[in-house]
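Observations on the three-dimensional arrangement
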Amino acid sequence: LATFARYILVRAEAVTPLPPGLPADIACILGCAVMTGVGSAGSVAAVAPGDSVAVLGCGGVGLNVVQGARIAGARIIIAIDRVQARLDRARELGATHALLAREDDADHLALVADVRALTDGRGVDHAFEATGLPALAFLPLQLARHGGNALQVSGAHGPATLQLTDLFWNKRYLAPLYGGCVPSRDFPRLFDWIAQGKLELAALISHRYPMQALDRAFDDMLAGRSSKGVLRIA
């Protein structure tokens, strides 16, 4: 990634040509949020047909976990966020249920109860954290069933506390890098899914900004007003 640069020098294996007809101002989000979310669901967690999934945080990465779970054939996809507009977008992209996180649920007991109520009291097969908040990094362990997967896919930094009993029993906690991406394998697969109409890109982009509005773009992101913003560098 060349942050805000017009040119970048990279190794040849880091370059994947875009297929004809895929505009750069849409394809640009493939290189981070889409690959991270879709890959975390499909390649790392290996979501399978009929599985249940919870996604904590429905920004750019979380929405693509939703898409990855849908493409993999998950039966239940529970989107969780504090912003209703993001939950609405998650529904459009494949979430079967949407839970609005409550301000008065600081210990997350109500949220855990709601997720279990949607999964016959078991918890989900795969739970993902995509908020970027260190305090929520281990919450997927409470949402996952015994023997399930809990994934922190946001790259959150900072201190967090964990109750060791949250690991009971046989749960797996994973913090994958970039959705386990293998460029030569994964980008052609994403291109195929786009061509087949399985993977949505344009609907992910909620805002577009000129370079002069960079401050506003960051403000919208941090305030939860955007799900994915695109900057026009030229």
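As shown above, the structure is provided for reference.
Small disclaimer: the values here were computed from a predicted structure and weren't measured.

1. Things to note about the pairing of strand β4 (residues 124-129)
- Where burial is concerned, most of β4 is hidden: six out of the six residues are buried.
- Of the pairings in the sheet, the one linking strand β1 (residues 52-56) to β4 comprises four bridges and is parallel in character. By the bridge assignment for β4, Leu56 is matched with Glu129.
- When β4 meets strand β5 (residues 144-152), the two strands line up parallel, connected through five bridges. Across the sheet, Val124 pairs through a bridge with Ala144, a residue of β5.

2. Focus: the side chain of Asp186
- The topology assignment puts Asp186 in helix α7 (residues 183-195).
- Among the residues examined, Asp186 registers a relative accessible area of 1% and is labelled buried.
- At 2.7 Å, the side chain of Asp186 and the side chain of Arg185 are in polar contact.
- Contacts of Asp186, omitting those with residues within four sequence positions, involve Met35, Ser43, Gly180 and Cys181.

3. Let's talk about the sheet that holds β4
- Taken in spatial order, the six strands line up as β3-β2-β1-β4-β5-β6 in an open sheet, and their pairing is parallel. Both edges of this open sheet fall to β3 (97-100) and β6 (172-174), since each of them pairs with a single strand only. Taken over all neighbouring pairs, the strand axes of this sheet differ in orientation by 15° on average, direction set aside.
- Running over the sheet, helix α4 (residues 84-92) touches β2 (76-81) and β3 and is turned about 170° from β3.

4. A few points about the packing of aromatic side chains
- Taken as a whole, this structure holds two aromatic pairs when the rule is applied.
- Seen from their ring centres, Phe138 and Tyr173 are 5.1 Å apart, and the 50° between their planes marks the pair as tilted. Separated by 35 residues along the polypeptide, Phe138 in the loop between β4 and α6 (139-143) and Tyr173 in strand β6 bring together distant segments of the chain.
- Phe138 sits in the partly exposed class, given a relative accessible area of 21%.

Conventions and cut-offs
- Residues numbered from 1 in each chain as written.
- Predicted model: local features only at pLDDT ≥ 70, side-chain atom pairs only at ≥ 80, totals over all residues.
- Heavy atoms only, no water.
- Buried < 20%, exposed > 50% of the residue type's maximum accessible area, 1.4 Å probe, protein only.
- Helix = DSSP H or I, 4+ residues; strand = E, 2+ residues; numbered from the N terminus.
- Pairing = 2+ DSSP bridges.
- Polar contact = N/O pair within 3.5 Å; in protein donor to acceptor, adjacent residues only side chain to side chain.
- Contact = heavy atoms within 4.5 Å.
- Axes fitted to C-alpha atoms, helices over the stretch in contact; angles between N-to-C directions.
- Phe/Tyr/Trp six-rings, centres within 6.5 Å; stacked < 30°, edge-to-face > 60°.

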